[in-house]
Each structure stands twice: as C-alpha cells, then as structure tokens.
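# Summary of structural features
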Amino acid sequence: MANGLRFKTARDLFMGCPAIARDMRTFPTDQHSIAFCRDLLAGHVPEEAITFCAYLLPERAAVWWAHECLSHLSDLFDETDLQLLALVRDWVGEPDSPRHRAAVSAAAATPPTTPAGWIALAAGWRDNGSAVTATMVSGLPFPAAHAVNAGILAGLARVALTDRFSVLSAFVEMGIQMAEIEALGQSADAY
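Residues numbered from 1 in each chain as written. Predicted model: local features only at pLDDT ≥ 70, side-chain atom pairs only at ≥ 80, totals over all residues. Heavy atoms only, no water.

The next subject is the packing of helix α6 (residues 79-93) against helix α7 (residues 98-108). Geometry of a packed helix pair, given as the angle between the helix axes and the separation of the axes. Taken N-terminus to C-terminus, the directions of α6 and α7 make an angle of 140 degrees; their axes are 9 Å apart at the nearest point. On the basis of their axis angle, the class for α6 and α7 is oblique. In this structure, α6 meets α7 at a crossing whose hand is left-handed. From α6, Leu84, Leu87, Asp90 and Trp91 reach across to α7, where they touch His100, Arg101, Ala103, Val104 and Ala107. (Axes fitted to C-alpha atoms, helices over the stretch in contact; angles between N-to-C directions. Helix = DSSP H or I, 4+ residues; strand = E, 2+ residues; numbered from the N terminus. Parallel < 35°, antiparallel > 145°, perpendicular 65-115°, else oblique. Left-handed = near helix turned anticlockwise from the far one by under 90°. Contact = heavy atoms within 4.5 Å.)

In structure tokens form, the structure reads like this:
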C-alpha cells in the first residue's frame, strides 16, 4: 500500500476536501484511505467508492481516471461523447497546449448532459475554472472531483444491471491503483 497518498486517512480527505460531504453520506473514519475505499465498495452503497476515489486522486489524475473508465464504455456513447472523450484525452496528455485548453474550455462551457460532458467539465474546472461560474451551487463551486464523480456514475447508469457491480468494482480498483501510482510518484519527487 502506498504511504505517500495525498490523504492518508478518510478523515484527512474529508478535512482537506469538505465538498465531498455533499456527495457522500458515509462518515469518514481514521481508516487508511485505500482500506476505507474498499470498505465502501463492499458496503451498502458501493457507488460511494467511486465518489471517494474522485476526491482522493489529484484533479488531473482524477480526470484521466474518469476518461479511462468511460473509454471502457465507449460502445454505450454517441459520437458527441466520443469526441468529448478524445478532447479530454488530448488535454490530459498536453494540459498546457493552448489548442487543447481552448477545446476543453469550449466543451466545459456547455451543460454537462452526458457522462463525457461531465468529464470535459471537470477538465475545464481543473484547467482554468472557466466553467465554474456557470455551475455555482449556493455560491460555492463544486470541485472537479464532483464532475468526475457525476460523469463516471452517469456512465455506470448505462451499464446493464447484471454487469453494473463488476464494472463499478473494476473502476474502483483502477482508481485505487492510480492513487497508489500517484503516491509513488509524489514519494519519488520528495527525494
């Protein structure tokens, strides 16, 4: 298990990202973040494990994770969503490219009515906050993690009920692996 996670415990994450309390009902504990996430997956509302991963990952990694999750569901999307996923892929690969930033900002400015629309919105929020003013709730913007969560859960809603839990589990495990890889990268950067 990675020791360099951004948030070592669930309580650390809830304290560092208070917005998560708007997206989850489960209360945080002092349990290690990865163990807490796996317990969520095994709990009564396994979708909260997706939510937890969305907030646990650094924003750019969370957007990439969402892209990867939705890419596994590409046969469930129309051409518009596939184009949005391609924009997000390009942006994650080169976030400083003016061309990719402009494309993501334009995509993020449209209402997120589809799973990939939410992910484009997350990239836009993470990139420059251009879409934040259009989506204020009670005067406070949601973080990119909220849009990542919404996009992945909207994608999961399109999966057949018989397959949904296995797909959800695979997405959570992918998110955990990404969190551990990010933690290893942060640990290496510290030296």
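Topologically, Ser33 is positioned in helix α3 (residues 33-42). Overall, the relative accessible area of 0% leaves Ser33 in the buried class. Within polar-contact distance, the side chain of Ser33 engages the backbone oxygen of Phe7 at 2.5 Å. Each residue touching Ser33, except ones within four places of it in the same chain, is listed here: Leu5, Phe7, Lys8, Thr9, Ala10, Phe52 and Leu56. (Buried < 20%, exposed > 50% of the residue type's maximum accessible area, 1.4 Å probe, protein only. Polar contact = N/O pair within 3.5 Å; in protein donor to acceptor, adjacent residues only side chain to side chain.)

This part is about α7. Every buried residue belonging to α7 is among His100, Val104, Ser105, Ala107 and Ala108, and all of these are buried. Taken around the axis of α7, the buried residues stretch over an arc of 165 degrees, which confines them to a single face. Projecting away from the buried face of α7 at angles above 90 degrees are the exposed residues Pro98 and Arg99. (Arc of directions from axis to C-beta.)

Let us look at the packing of helix α5 (residues 59-71) against α6. Relative orientation of the contacting elements α5 and α6 amounts to 145 degrees, with a least axis distance of 10 Å. When the axes of α5 and α6 are compared, the crossing they make is left-handed. For the pair formed by α5 and α6, the contact residues are Arg60, Val63, Trp64, His67, Leu70 and Ser71 on the first element and Leu85, Val88, Arg89, Trp91, Val92 and Gly93 on the second. Considered class by class, the residues forming the contact of α5 with α6 number 7 nonpolar, 3 polar and 2 charged. (Nonpolar A, V, L, I, M, F, W, Y, C, P; charged D, E, K, R; others polar.)

Confidence along the protein averages 85 in pLDDT terms, with 86% of residues attaining 70 or more. Between residues 129-140, whose pLDDT stays under 50, and residues either more than four places distant or in other chains, the model counts 14 contacts. (pLDDT = per-residue confidence, 0-100.)

Attention now moves to the nonpolar core. Judged by nonpolar contacts, the single largest core of 62 residues is most densely connected at Phe52 and Trp65. Excluding residues that lie within four positions of it along the chain, Trp65 makes contacts with Ile50, Cys53, Ala54, Leu57, Val148, Ile152, Phe171, Met174, Gly175 and Met178. (Core = buried A, V, L, I, M, F, W, Y, C linked by side-chain atoms within 4.5 Å.)

Assignment of secondary structure puts Ile20 in helix α2 (residues 20-23). Expressed as a C-alpha distance, the spacing of Ile20 and Pro143, which sit 123 residues apart in the sequence, is 9.0 Å. Setting aside residues no more than four positions away along its own chain, Ile20 makes contact with Leu13, Phe14, Thr51, Phe52 and Tyr55.

A few words on helix α9 (residues 144-156). Its 13 residues place the ends of α9 18 Å apart at the C-alpha level, agreeing with the 18 Å of an ideal helix rising 1.5 Å per residue. Where burial is concerned, most of α9 is hidden: 11 out of the 13 residues are buried. Residues of α9 that are buried: Ala144, Ala145, His146, Ala147, Val148, Asn149, Ala150, Gly151, Ile152, Gly155 and Leu156. (Expected span 1.5 Å × (residues − 1).)

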